[in-house]
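# Architecture and fold: a report
The residues making up each chain are set out below.
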Amino acid sequence: MNVLDRRAFLRRSAMASAAAAATAMVPGVSFGAAIQEGSYQDITWRKAPCRFCGTGCGLLIGISEGRAVGVRGDPDSAVNRGLCCVKGYHSVQALYGRDRIQRALVRRNGRLVEVPIEEALDVVARQIRDTIEEHGRDAVAMYGSGQWTIPDGYAALKLFKGGIGTNNVEANARLCMGSAVTGFMTTFGLDEPMGSYEDIDHADVFVLWGNNMAEMHPVLFSRMLERRRVDPDVRIIDLATRTTRTSYAADRSVLFKPQTDLALANAICHEIVRSDWYDAGFVRDHVAFKSGRTRPGYGLEEEFSFTDEARDADWDEYVAFLDDYTPDAAAELTGVPADEIRYLASLYGDPSKKVVSFWCMGVNQHVRGTWMNNLIYNIHLLVGKISQPGNGPFSLTGQPSACGTVREVGTLTHMLPSGTVTSEEARERAADIWQVPAERIPDRPTHDTVQMFRALDRGEIRFMWIQVTNPMVSLPKLARYREGARKEDRFIVVSDVYPTPTTDVADVILPSAMWIEREGMFGNSERRTQHWEQMLDPPGDCTSDTWQIIEVARRLGHGDLFPWSQERHVQGIWEEYTRFHDSPAHRMASYEDLLERPGVIWPFVDGHETQWRYNAEHDPAADPERGFDFYGNPDHRAWIWLRPYEPAAEEPDEDYPFWLSTGRVLEHWHTGSMTRRIPVLHRAMPRAYVEINAEDARALNIRDRDVVRLVSPRGSMEIQARVDYRGQPAPGQVFVPFFDESYLVNELTLDAFCPISREPDYKKCAVRIEIPGNRETP
């Protein structure tokens, strides 16, 4: 049994025993699993945003005797209004897993041994210094997360870009939100949604593009269902490649073939134009047309390079482009009947109906993810349904601070807090605020996430610090990158709270304080920044990821970049960081405002939140004479792009006849390193599985719960089959969730990515199904 198998076995055993333990429960309150039975006196309820997903639900955490003992939804939160999902209600239990990392570990003679935290920090700083001296500053890298707090990400960015002088900073949000960023940037010139969750209260139609909201964003989906309950004329439309719980709750479920959402969106636009449903005045006054390069590839080359080019187009050229996407032609490609396409167009085109489009990973994790984001914006721009209450496209996030930390702070190789590294103005502004020479900040990006791990494998990167993420489960084409991290002359530092397959490859493990064990801020999908205070003392030697970075910075001689005490560093970082955004277009709340409110939406100007950007009725940065002012672009117009359908990087064939898609389940979050340690969630969903269509199962003589073998050109795995389970793939498709480290489905996936965003496509690769000799579940 190898290290990964042994650790997975031990963790499963520990969780199974924990699941069997009795837990004290109080009606209406979820109590942590590690709490002994008994009653609790003097429970103090304190506010914090939820640790899971990007919705940003407000929680009330019950604290008693120095422990988190309960969770309620915060009725004062405008996000969830007192409601939580199953992960939120049980979130505090994640603090108390039996195998919590509480001491630093350093690998010596092949084994991880406990050392004092100060010694481990010394080792990290020395290794960074030695690597830079021998291989240069671009041989060191930081890989973080959309679970970083805003201070975490800012400290990492400042140390590596402003101190060390390398742009080798990336975050796992590249794997989930990269295409959302480039979609916003290419259409509007600025990132992040223009609307807010209040759109749900005003919309008449919700169109969900490849987004299983019932399981992935259940609180927002509950708000949609409540909106429909209040007004039975409200319609929920599910556009997807597989039938899910969202499909069952929707008024209409429309299945399309994988990758063909590009053609479907264009066909909707064709019908809107043909039927004269577009808003001619809005298009004339507020829209410009652009075309870009086509057939850009799939990022599979070792050092792939691509730069898009925006070429001016016009209305006539756009209408001619849409001629290839009549409903009948699109029906042939997508599998969606032409009348269904006309119906979808009529919903968007009806001037009496307010429409919100929601999407997440199905659109973003796509080899043409940027294009798909553009095409959804095209629909809303054609009909002028944007930046108004109840009208707008809304890209959701999957992590609690993918927006607030990764996208706003700029913890990606090409970003700074106020622009891109290629912008001299952005570099000079950062240098001025950080008080460093402008030439220290490189003017070119280095590696996006996939290419960063390719560089680690090749040896161009020799040192990598990984914080708050589990790439040895989440990376596509996983076997290559795991072996790259294990090479003898690579040095891996991991900051985390539990053992994972990523800590298995670490040379140093730093014990991190988790969530309410430290002060922090998250920024959610609707641009809402939420602060929480430290509520608990972290166990053992655990410290915040921010403070770990600051301690290493001081050892490297960059202590002057972080002049704050441990007690006040969060406030100090926030006050410095918000200097980057001190304008009506992006002004943020003060530290004092964040203390007083359950979250504040930016832009925050003169005490008022901006719930709808680009609309002068709501946005102080918009020009009142323009009405709608897309001020992110130099022409103050939003851009409609001519983006064609192009096939996936890998499609089923005779040897691999099935599509494989991956994703999440309701009970678990991402790689499961926290939620699988919550007994009630582990009991509800103890292991991963493969969903197989019932017709395909009959043809292959597969019964529900049989073990099957999935094989792709990159690897294979044996896993339990589920037939007619909670989801139903279309014929010729299978689905596997990725929360279970015992079933590493990403050993099968392909590391193809969108050439513009560099976000991988986890939704489409080819596999075959084999029947092993033993069909029993191990």
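First things first, this report covers the structure right here in the doc. In this text the structure is predicted, and so the values were computed from the model without any measurement. (Residues numbered from 1 in each chain as written. Predicted model: local features only at pLDDT ≥ 70, side-chain atom pairs only at ≥ 80, totals over all residues. Heavy atoms only, no water.)

### Looking at the pairing of strand β29 (residues 707-712)
Burial analysis of β29 places 5 of its 6 residues in the buried class, the great majority of the element. As paired strands, β29 and strand β30 (residues 715-723) are joined by 6 bridges and run antiparallel to one another. Within β30, the position partnered with L710 by the bridge is M717. Hairpin connection of β29 to β30: 2 residues between the antiparallel strands. (Buried < 20%, exposed > 50% of the residue type's maximum accessible area, 1.4 Å probe, protein only. Helix = DSSP H or I, 4+ residues; strand = E, 2+ residues; numbered from the N terminus. Pairing = 2+ DSSP bridges.)

### A short note on the pattern of salt bridges
This model, assessed by the stated rule, comprises 55 salt bridges. D751 is the salt-bridge partner of R454, the closest N and O atoms lying 3.2 Å from each other. Of this pair, R454 sits in helix α18 (residues 449-458) while D751 sits in the loop between β32 (733-737) and β33 (765-770), placing them 297 residues apart in sequence. In this structure, R454 and D751 share a single accessibility class: buried. For R726, the salt bridge goes to E667, with nearest N and O atoms at 2.7 Å. (Salt bridge = Lys/Arg side-chain N within 4 Å of Asp/Glu carboxyl O.)

### Focus: the packing of helix α5 (residues 174-188) against helix α15 (residues 369-383)
One can describe the packing of α5 onto α15 by two numbers: an axis separation of 8 Å at closest approach and a directional angle of 50°. Put simply, α5 runs oblique to α15. Considering the relative orientation of α5 and α15, their crossing is right-handed. Across the interface between the two elements, S179, A180, T182, G183, F184, T186, T187 and F188 of α5 pack against G369, T370, N373, N374, Y377 and L381 of α15. Grouping the constituent residues of the contact of α5 with α15 by class yields 5 nonpolar, 9 polar and no charged. (Axes fitted to C-alpha atoms, helices over the stretch in contact; angles between N-to-C directions. Parallel < 35°, antiparallel > 145°, perpendicular 65-115°, else oblique. Left-handed = near helix turned anticlockwise from the far one by under 90°. Contact = heavy atoms within 4.5 Å. Nonpolar A, V, L, I, M, F, W, Y, C, P; charged D, E, K, R; others polar.)

### Some points on the sheet that holds strand β13 (residues 311-313)
Spatial strand order, β13-β12-β26: 3 strands in an open sheet with mixed pairing. Either end of the sheet is taken by a strand with one partner, and the two such strands are β13 and β26 (638-642). This sheet shows a mean twist of 45° between the axes of neighbouring strands, independent of strand direction. With 5 bridges connecting them, strand β12 (residues 287-291) and β26 associate as parallel partners.

### Looking at the pairing of β26
Taking burial as the measure, the 5 residues of β26 include 5 buried ones, the bulk of the element. Residues of β26 alternate between two faces, with A638, I640 and L642 on one and W639 and W641 on the opposite face, all of them buried.

### Some points on the sheet that holds strand β3 (residues 67-73)
Pairing within the open sheet is antiparallel, and its 3 strands lie in the order β1-β2-β3. Sheet topology places β1 (44-49) and β3 at the edges, where each strand pairs with a single neighbour. In this sheet, adjacent strand axes meet at a mean angle of 35° when their direction is disregarded. Of the pairings in the sheet, the one linking β1 to strand β2 (residues 58-64) comprises 6 bridges and is antiparallel in character. Across the sheet, R46 pairs through a bridge with I61, a residue of β2.

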